[in-house]
Amino acid sequence: MMNLQAILDSIYGELQPRLGEGKVADYIPELAKVDPNQFGMAIATVDGKLYSVGEADTSFSIQSLSKVFMLTLALGKVGEGLWKRVGREPSGSSFNSIVQLEREEGIPRNPFINAGAIAVTDVVLAGHAPREAIGEFLRFVRYLADDETVTIDQKVAQSETQTGFKNIALANFMRAYRNLDHPVEHTLGVYFHQCALAMSCQQLAKAGLYLAARGSNPLTGHSVVSPKRARRINALMLTCGHYDGSGDFAYRVGLPGKSGVGGGILAVAPGLASIAVWSPGLNEVGNSQLGSAALEMLAARTGWSVFGD
Ligand code: GLN
């Protein structure tokens, strides 16, 4: 049996001199204040163990990692009907690009670029007031992580509400194409709050465990989705989870993963483990620079890959 703690320790040791690499997201003013010299990583295994290193207990803004959980919730509500509203192809464009959305008449390429995630949130909002949908989402993530302490960072939510002009443009665009059922402010109100969830690597690794364990959390016995749905969410994470960096991430890491501009990445080794890493400095396509490096090292050292041993 390999020593996962020793592997995490060695990754942390090797990355120490590189702390601070990349650039923190500054288009959301509240995120621009985050100290870039931080790094945490946690692994939750399907046999119930939790390993961590560095600042794995520090909460950070999960941002687009929330899109995986909201997608899970939306699929639970409307099933495959969701795919009338959003596609399943990699975009090859930046996460907040508007060009493709126009060419494709308001149907976003996939549920992980911003436009797609906003459409998914709009689906979950159906029949609710925004406040209720936010509450439902928070309860769902707490259930996944089996942790009632997960909260929303209201400052981050407010910061993005005041400055999220590109998201406002994307949402208006979809509304014009009748691919948004609610007022733009309502859907974005929910979207900005889901992105503002504050979680630690340890909490995220536990929350993502259902994707590694055939749709159920082996720690709690909670059944979240069917094995088939877990496989499909993993497929989307692999092909679309890192925007226009998805191909490179698949090549270097070889595991489904979802990044966020808070510097977090959630990765899944199916049948084995769920992994969360966080370091705020981003590369040029908006994915955590050291987070990707750490996952590449982990995959190399464990041999974990969805492409073979
Ligand atoms: N809340 C961010 C935004 O909408 C999420 C983007 C991301 O994490 N890539 O711009």
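Our subject is the structure that appears above.
Residues numbered from 1 in each chain as written. Predicted model: local features only at pLDDT ≥ 70, side-chain atom pairs only at ≥ 80, totals over all residues. Heavy atoms only, no water.

(A) Expanded view of the packing of helix H8 (residues 165-176) against helix H9 (residues 184-195). Interaxial distance between H8 and H9 falls to 10 Å at its minimum, and their mutual angle equals 135°. Relative to H9, the element H8 lies oblique. The crossing of H8 and H9 is right-handed. Residues Asn167, Ile168, Ala171, Asn172 and Arg175 of H8 form the contact with H9, whose own contacting residues are Val184, Leu188, Tyr191 and Phe192. Tallied by class, the residues present in the contact of H8 with H9 amount to 6 nonpolar, 2 polar and 1 charged. (Axes fitted to C-alpha atoms, helices over the stretch in contact; angles between N-to-C directions. Helix = DSSP H or I, 4+ residues; strand = E, 2+ residues; numbered from the N terminus. Parallel < 35°, antiparallel > 145°, perpendicular 65-115°, else oblique. Left-handed = near helix turned anticlockwise from the far one by under 90°. Contact = heavy atoms within 4.5 Å. Nonpolar A, V, L, I, M, F, W, Y, C, P; charged D, E, K, R; others polar.)

(B) Expanded view of the pairing of strand E2 (residues 50-54). Bridge count between strand E1 (residues 40-45) and E2: 5 bridges; the pairing is antiparallel. Within E2, the position partnered with Ala42 by the bridge is Ser52. What sits between the antiparallel neighbours E1 and E2 is a turn of 4 residues, in which Gly48 has the positive phi angle 90°. (Pairing = 2+ DSSP bridges.)

(C) Representation of H8 in the model. In this model H8 runs 16 Å from its N-terminal to its C-terminal C-alpha over 12 residues, within 8% of the 16 Å that 1.5 Å per residue would give. Taken together, the buried positions of H8 are occupied by Asn167, Leu170, Ala171 and Met174. Projection of H8 onto a plane perpendicular to its axis shows the buried side chains occupying an angular sector of 95°, all on one side. Of the exposed residues in H8, those oriented more than 90 degrees away from the buried face are Phe165 and Ala176. Taken together, the buried residues of H8 touch helix H4 (99-103), helix H5 (114-125), helix H7 (154-163) and H9. (Expected span 1.5 Å × (residues − 1). Buried < 20%, exposed > 50% of the residue type's maximum accessible area, 1.4 Å probe, protein only. Arc of directions from axis to C-beta.)

(D) Inspection of the site of the ligand at higher detail. The full set of residues close to the ligand is Tyr27, Gln63, Ser64, Phe95, Asn114, Glu160, Asn167, Tyr191, Cys195, Tyr243, Gly260 and Val261. Within the side chain of Asn114, one N or O atom sits 3.0 Å away from an oxygen atom of the ligand. Between the ligand and the protein, one listed contact pairs an oxygen atom with a side-chain N or O atom of Asn167 at 2.8 Å. Coverage of the ligand by the protein chains reaches 99% of its 300 Å² of free accessible surface. Classifying every residue of the shell around the ligand gives 6 nonpolar, 5 polar and 1 charged. (Near = heavy atom within 4 Å. Polar contact = N/O pair within 3.5 Å; in protein donor to acceptor, adjacent residues only side chain to side chain. Areas by Shrake-Rupley, 256 points an atom, 1.4 Å probe, with all protein chains shown as cover.)

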